[in-house]
Structure formats: structure tokens, C-alpha cells
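# Structural overview for review
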Amino acid sequence: DFVLDYKKLAPKIPLLPNHKLDQNVNIELTKKVSIYRGDITTLEVDAIVNAANKSLEGGGGVDGAIHRAAGPFLLAENRTLGGCEVGEAKLSGGYQLPAKYVISTVGPRGEKPDFLRNCYKNSLDLLVEKQLHSIAFPCISTGIYGYPLKPAAHVAVMAVRKHLEENFAQIERVIFCLFSETDEEIYQGILQSYFPLN
Ligand code: ADP
């Protein structure tokens, strides 16, 4: 009941002209995508993504919230992972979280779309590689790292769209976990151009 179906939230707006895929294929992709406004640490999914820093040893923002909720074993495991470069993704257990795993990724500082795209791509690659099916993303880089919200949302949604097209069978649900009202408005405004509802 935490997960709001994107379908129920989005306004009905016609498709943008750049959709190449068959309409039925589009709708099947849309059914796998949700937005949820609130705390990512409450989500019971296979993996939640952490907007971490290179040390993987915790920090402020969503990183701090995830470490507090997961408990100290997350930090202990992360210390064995050898850090994480910008755009990479690393897997840990979920420990006291309702999520089974944490995927830590390090976003770029500032507006660097190639790096941000890699965060989403490598997180989803890891999900598929570990045979997991559901994932929730925070708005990577848009807090302390200062990536402007709307450009970041476009990169996030496009990267997910592309990955869902390529790994349709295995990925069951992708949740964009939005913490601020502004992010919710931005995602509601742009999702329909990547994941049409009709
Ligand atoms: P970064 O350093 O990558 O910018 P931040 O944690 O500062 O990471 O911010 C990333 C996003 O996570 C922001 O949109 C922020 O509002 C959001 N956020 C903060 N706490 C939580 C939380 N508990 N659950 C989900 N999102 C959160």
C-alpha cells in the first residue's frame, strides 16, 4: 500500500510524437513504473538504491537515512567493498531494512548527465545480474550534490525506460521514490512522455 500506481496519479496527456514503439508495448512498460512520495527506507522491494559517496561509509541525506534504518552491518559490509566510483553501483544486504538489498551508487556533483545515466544503468544491470525484480530509486545527485532537479529527472526516467525495454521480462517494478513535493510535481509532469498511459 506504500506504492502509488503511476497510472492513478498521472494526467492523461497525449503521446509525444517521438515514440517509436508499438503502443501496446508502451503500455506494458508503463505498468511496471510507479512513483512514491516518501521515505525510501520504508519500501519493501528487492533493492533500494542509495545515493552514496565514494567511501560507501554513509553520509547525509538519503545515505544517512538508509544507514540508520539498515543498522551497523550495512556499514561493516560496505567497508569490504573497496569504495565506489562515480556512476558505478555496488550491492550489499538490506539488514534491518524491509528491502532485501541496498544498491549503492555514487552520483556526479553537478549536472553531468553521462555519469548520472550510468548510476541508473549500472544499478539496473546489477539488479538483473543478481536476478532481482523490483527496485526503488531516490533522486540521485539532486540533494547535496546539486544536480538540477528537472534535468536529473529526465536522465533518470529515460535511463529506466531504455533499460526496461532491454530487460522487459525480468524487471517487474521500478519505483521513483520522491522526497519533495517539487520532485513529485516534476516526475508527474514528465513521466507521460516516456511512459505513456494511453
Ligand atoms: P546526493 O548527495 O546524491 O545529492 P542526497 O541524499 O543529498 O544525495 O539527495 C538525494 C535525494 O534524496 C534528494 O532528492 C533528497 O531529497 C532525497 N532524500 C533524502 N532523504 C530521503 C529518504 N529518506 N528517502 C528518499 N529520498 C530521500
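Here the residue numbering is sequential within each chain, running from 1 through the sequence in written order. Local features are withheld for residues below a pLDDT of 70 in this predicted model, meaning they are given only at 70 or higher, and side-chain atom pairs are given and counted only at 80 or more; totals for whole chains, interfaces and linings count all residues. Hydrogens are left out, water is left out, and the side-chain values use all remaining heavy atoms of the structure.

### What about the nonpolar core?
Residues enter a nonpolar core if they are buried and are Ala, Val, Leu, Ile, Met, Phe, Trp, Tyr or Cys, with the set joined through side-chain atoms within 4.5 Å. A 1.4 Å probe rolled over the protein chains alone gives each residue an accessible area, and that area as a share of the maximum for its type sets the label: buried under 20%, exposed over 50%, partly exposed in between. With 39 residues, the main nonpolar core has Tyr120, Phe137, Val160, Phe176, Tyr187 and Phe195 as its most contacted residues. Put simply, DSSP marks the helices as runs of H or I at least four residues long and the strands as runs of E at least two long, and each gets a number from the N terminus on. Counting residues per element, the ones that place at least two in this core are β2 (33-37), β3 (47-52), β4 (89-93), α5 (113-129), β6 (134-137), α6 (149-166), β7 (173-178) and α7 (181-194). Broken down by element, this core gets its largest block of residues, eight residues, from α6. Between two residues, a contact is recorded if the distance between any of their heavy atoms is within 4.5 Å. When residues no more than four places from it in sequence are discounted, the contact partners of Tyr120 are Phe137, Pro138, Cys139, Ile140, Ala156, Ala159, Val160 and Tyr187. With 14 residues, the next largest nonpolar core counts Leu43, Ile48, Ala136 and Cys177 among its residues.

### Quick look at the layout of surface pockets
If you roll a probe as big as a water molecule over the atoms, it shows you where there is empty space left. For cavity detection a 1 Å grid was placed over the protein atoms alone, and a set of points counts as a cavity when a 1.4 Å probe fits there but cannot get out; an open set counts as a pocket when protein lies on both sides within 12 Å along at least five of seven lines, with lining residues being those that have an atom within 4 Å of a point. Grid points are joined across faces, edges and corners, and a volume is the space filled by probe spheres set on the points. Reported here for the largest pocket is a volume of approximately 550 Å³. What lines the largest pocket is a set of 27 residues, and nearest its centre among them are Ala51, Gly61, Val62, Asp63 and Gly143. Every element with two or more residues in the lining of the largest pocket is listed here: β3, α3 (61-70) and β7. The leading source of residues in the lining of the largest pocket is α3, at four residues. Per-class residue counts for the lining of the largest pocket are 13 nonpolar, 10 polar and four charged. Each residue is assigned to one of three groups, with Ala, Val, Leu, Ile, Met, Phe, Trp, Tyr, Cys and Pro labelled nonpolar, Asp, Glu, Lys and Arg labelled charged, and all others, Gly among them, labelled polar.

### Concerning the pattern of salt bridges
Any carboxyl oxygen of Asp or Glu within 4 Å of a side-chain nitrogen of Lys or Arg constitutes a salt bridge here. For the coordinates displayed, the defined rule picks out nine salt bridges. Here Arg79 makes a salt bridge to Glu57, at a shortest N to O gap of 3.6 Å. Here Arg79 is found in the loop between α4 (72-78) and β4, whereas its partner Glu57 is found in the loop between β3 and α3, with 22 residues between them in sequence. By relative accessible area, Arg79 is classed as exposed at 53%. As a salt-bridge pair, Lys162 and Glu166 come within 3.1 Å of each other at their nearest N and O atoms. Here Lys162 pairs with Glu166, and both are found in helix α6, just four residues apart, close to one helical turn.

### What about α6?
Expected helix span is given by 1.5 Å per residue-to-residue step, counting one fewer step than there are residues. With 18 residues, α6 should reach 26 Å at 1.5 Å per residue; the first-to-last C-alpha distance of 26 Å fits that figure. Listed as buried for α6 are Ala152, Ala153, Val155, Ala156, Val157, Ala159, Val160, Arg161, His163 and Leu164.

By themselves, these are just geometric observations and shouldn't be taken as functional.
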